[in-house]
Amino acid sequence: MIKICLCDDEPVWLKTISDYIKDYFIRHRDVDYSLDCFTDAMSLIDHMEKKDTFDLYLLDVYMPLTLGTEFARELRDKGDESRIVFITTSKNHAIDAFAVRASDYILKPFGQERIDKLMNDVLPQLETPENRYFTVKTNAGYVNVQYNNISFIELDSRRLKVHTIDGEVVSSIIIRGKFEDEIINLANDSLFCHCQKSYLVNMRYVKKMEASQFVMKSDDIVPISKRFYQETKHKYMEYLLRKEI
């Protein structure tokens, strides 16, 4: 789970930015996240002392009792390497932001598209298979399957069938679009390979690759088509080399 902190002493902006963040994740259901909001640095510090730190800090520069840049400097002095983003009305603290290795510096006012860009830039630096989910729309509702739990996915009778490492199969409702559109985020992940028109495999759970198929650790067989063979072989070899490093 990616833990996000938003700290802004202006209630209107606190709600606005919070809504932008929530809207982003509604459209990106494959990422598991939490969002905690604060109106001042002291309440944020109190939360961190009692509970936990965050992966991403969105900080107003001008806050009661202390500047957001001062709070960020204290984080860095403690060895915290979380992502920090400043949201403010002034350009005057850009150098201070650079000094604490801020990931972004956003000037108010701004809209949904600015938060979308921020998240698209920052989240890939934070995401791991442990906090990413593939969302399946089933007859019973939405089911989130952790990337790490996916063995392979197949398209069968216009339904996605997500095979997990526990032996469970999560079946979707009938899909109208193309298989590659449904699994595009997974296919772009370095651990997954789209190896046949209707199959995608998690290479972490491959036992061996043969001329026309993957043999999974579960002993399931996942076919590799001639059309996808060269690209599949290349991606699998890259995966094996990364494992050795």
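Look above for the structure.
Residues numbered from 1 in each chain as written. Predicted model: local features only at pLDDT ≥ 70, side-chain atom pairs only at ≥ 80, totals over all residues. Heavy atoms only, no water.

Trainee: Explain the sheet that holds strand 13 (residues 206–209) residue by residue, including any values.
Mentor: In space, the three strands of this open sheet follow the order 13-14-15, with antiparallel pairing throughout. Taken across any chain shown, the strands that pair with only one partner, and hence form the sheet edges, are strand 13 and strand 15 (221–223). Here the average twist between neighbouring strands, direction ignored, is 25°. Both strand 14 (residues 213–216) and strand 15 contribute to a ladder of three bridges, which runs antiparallel. Residue V215 lies in a different strand from strand 15, and its bridge partner there is I221. (Pairing = 2+ DSSP bridges. Helix = DSSP H or I, 4+ residues; strand = E, 2+ residues; numbered from the N terminus. Axes fitted to C-alpha atoms, helices over the stretch in contact; angles between N-to-C directions.)

Trainee: Describe unusual backbone geometry, and please don't skip the residues or the numbers.
Mentor: Between K108 and the following residue, P109, the backbone shows a cis peptide bond with an omega angle of 0°. Structurally, the position occupied by P109 is in the loop between strand 5 (104–107) and helix 5 (112–126). We note that D219 has phi near 75°; this positive angle belongs to a residue other than glycine. By secondary structure assignment, the location of D219 is in the loop between strand 14 and strand 15.

Trainee: Which residues make up the environment of E154, and what values do they have?
Mentor: Structurally, the position occupied by E154 is in strand 8 (residues 150–156). As for E154 and K197, which are separated by 43 residues in sequence, their C-alpha atoms are 9.1 Å apart. Excluding residues that lie within four positions of it along the chain, E154 makes contacts with R159, L160, K161, H163, F179, S198 and Y199. Side chain to side chain, E154 and H163 meet in a polar contact 2.7 Å long. Polar side-chain contacts of E154 include one of 3.1 Å to the side chain of Y199. (Contact = heavy atoms within 4.5 Å. Polar contact = N/O pair within 3.5 Å; in protein donor to acceptor, adjacent residues only side chain to side chain.)

Trainee: Provide a residue-level description of the state of the cysteines, including the pertinent values.
Mentor: Overall, the coordinates contain zero disulfides when judged by the stated rule. No disulfide involves C7; its sulfur sits 5.8 Å from the nearest other cysteine sulfur, which is in C5. A relative accessible area of 1% places C7 in the buried class. Note on C37: no disulfide assigned, nearest cysteine sulfur contributed by C5 at a separation of 8.1 Å. The exposure class of C37 is partly exposed, given its relative accessible area of 37%. (Disulfide = S-S within 2.5 Å. Buried < 20%, exposed > 50% of the residue type's maximum accessible area, 1.4 Å probe, protein only.)

Trainee: Can you explain helix 5? Please cite residues and give values.
Mentor: In a regular helix each residue adds 1.5 Å, so 15 residues correspond to 21 Å; helix 5 covers 21 Å between its end C-alpha atoms and thus fits that length. The largest bend along helix 5 measures about 25° and falls at N120, with the proline P124 one to four residues further on. Within helix 5, the full set of buried residues consists of Q112, I115, D116, L118, M119, V122, L123 and L126. Looking at the packing, one finds that the buried side of helix 5 touches strand 1 (2–7), helix 1 (11–26), strand 3 (56–60), strand 4 (83–88) and strand 5. (Expected span 1.5 Å × (residues − 1). Bend = angle between axes of the 7 residues up to and from the residue.)

Trainee: How would you explain the packing of aromatic side chains if you had to name every residue and give the values?
Mentor: In this structure the tally under the stated criterion is 12 aromatic pairs. A ring pair is formed by Y24 and F25, whose centres lie 5.3 Å apart and whose planes are at 90°; its orientation type is edge-to-face. Given the relative accessible area of 4%, Y24 is considered buried. The structure contains a cluster of three or more aromatic residues connected by ring pairs, namely F38, F54, Y57 and F71. (Phe/Tyr/Trp six-rings, centres within 6.5 Å; stacked < 30°, edge-to-face > 60°.)

Trainee: Let's hear about the nonpolar core: which residues, and what values?
Mentor: Of all hydrophobic cores here, the largest spans 31 residues; its most connected members are F134, I153, V201 and F214. Elements with a contribution of two residues or more to this core: strand 6 (133–138), strand 8, strand 9 (159–164), strand 11 (192–196), strand 12 (199–202), strand 14 and helix 8 (226–244). Once you skip the residues sitting within four places of it in the chain, F214 turns out to touch C195, V201, V206, K208, M209, D220, I221, V222, I224, T232 and Y236. Counting residues in hydrophobic clusters, the runner-up holds 24 residues, among them L6, Y24, L58 and I106. (Core = buried A, V, L, I, M, F, W, Y, C linked by side-chain atoms within 4.5 Å.)

None of this, on its own, says anything about what the molecule does.
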